[in-house]
Amino acid sequence: MLIGQITDTHVLADRNLAYGQADTSLALEALEDWLFKMRPALDALVMTGDLADRGQTQAYAFIKKLFSRWQVPVLAMVGNHDRRAEFLAELGPFCLAQSSSNLTYSCIMGDLKLIMLDTVREGEHNGGLGPEGLSLLEQEFLRKPKPSTLVFSHHPPFLSGLGALDEPFEGQEAFLNLLTTSPATKITLASGHLHRGLTTSLSLKGHLRVAALVAPPASMPIVLEIGPKGGREFFLGAPSFVLHHLDKGHLVSHFAAIPGDFSFSGPYFFN
């Protein structure tokens, strides 16, 4: 089973440049085409938020048109730059959520369960899970558990060392408790938001460790700077993604960038 994950596409209406520098529309076109033609072919594609930089309807329409040719499941989730109403109006076919206020949902593919977890706090940059979000996640864990579970969220519930991006995560302890006590045998948490690829493991009070990763972005990778100012600058680069490969119950996640003639200029400030 091959699951592709892309994140932080930050598309703008009318192909405008993000932060005056990044052609995010062009980057997504190149990434979509590469993934569509990948062989062996993907079994599903997941998009983990910040799909439109300003939540614009035209940006979502652009994304919808790009991925309308896919015959395998395309599963989308919101990030803090997205707007739920505009997102659902255009990308509703790529979202199986039953509620318009919280877009958490799941998809079962053989022995693998994919949970798309809404961690957006309306109007806030940081993420988290309130009572509704925690309850929905618990329900998803209990509903038809599978040997392997991939939980996808926009915000990661841990510190990265990139100080400008290390914000509080609402309901962090309760979230970790659900992850580490779930009936699912093997859980991997795959997030976005940080514009850098990284891995760690999560545990709470001695419970089972959970593998966790952050996917590299489709656009605008963060300059690596550990410390309080880290996370304020980006550069241009090749669109990147994660390939989650499940084979005989063993999951391996590959971080990859697509080949091509891309600019690597920078750094530039987010503003």
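Just so it is clear, the model here is predicted, and its values are computed rather than measured.

1. Topic: unusual backbone geometry
Backbone torsion omega between Arg-39 and Pro-40 reads 0°, so that peptide bond is classified as cis. Going from Gly-266 to Pro-267, the amide bond is cis rather than trans, its omega being 5°. Here Pro-267 is to be found in the loop between strand 12 (250–257) and strand 13 (268–269). Although it is not a glycine, Arg-15 sits at a positive phi angle of roughly 60°.

2. As for the nonpolar core
Burial of nonpolar side chains together is a common tendency in soluble globular proteins. Core analysis: the biggest nonpolar cluster contains 50 residues, and Ile-6, Leu-35, Met-47, Ile-63, Phe-67 and Phe-87 have the highest contact counts within it. With 6 residues, helix 2 (residues 57–67) is the single largest residue contributor to this core. If sequence neighbours within four positions are ignored, Ile-6 has contacts with Leu-28, Leu-31, Leu-35, Leu-45, Val-46, Met-47, Thr-48, Phe-67 and Phe-241. Judged by nonpolar contacts, the second largest core, of 25 residues, contains Leu-178, Val-210, Ala-212 and Ile-222.

3. Describing the sheet that holds strand 3 (residues 74–77)
Here we have 5 strands laid out as an open sheet, ordered 3-2-1-11-12, and mixed in their pairing. Strands at the two margins of the open sheet, each flanked by one partner only, are strand 3 and strand 12. Adjacent strand axes in the sheet meet at a mean angle of 20° when their direction is disregarded. Relative to strand 12, strand 11 (residues 240–247) runs antiparallel, the two being bridged by 8 bridges. When the sheet's bridge partners are listed, Asp-247 is paired in strand 12 with His-250.

The rules behind these values
- Residues numbered from 1 in each chain as written.
- Predicted model: local features only at pLDDT ≥ 70, side-chain atom pairs only at ≥ 80, totals over all residues.
- Heavy atoms only, no water.
- Helix = DSSP H or I, 4+ residues; strand = E, 2+ residues; numbered from the N terminus.
- Core = buried A, V, L, I, M, F, W, Y, C linked by side-chain atoms within 4.5 Å.
- Buried < 20%, exposed > 50% of the residue type's maximum accessible area, 1.4 Å probe, protein only.
- Contact = heavy atoms within 4.5 Å.
- Pairing = 2+ DSSP bridges.
- Axes fitted to C-alpha atoms, helices over the stretch in contact; angles between N-to-C directions.

Read these as geometric descriptors, not functional statements.
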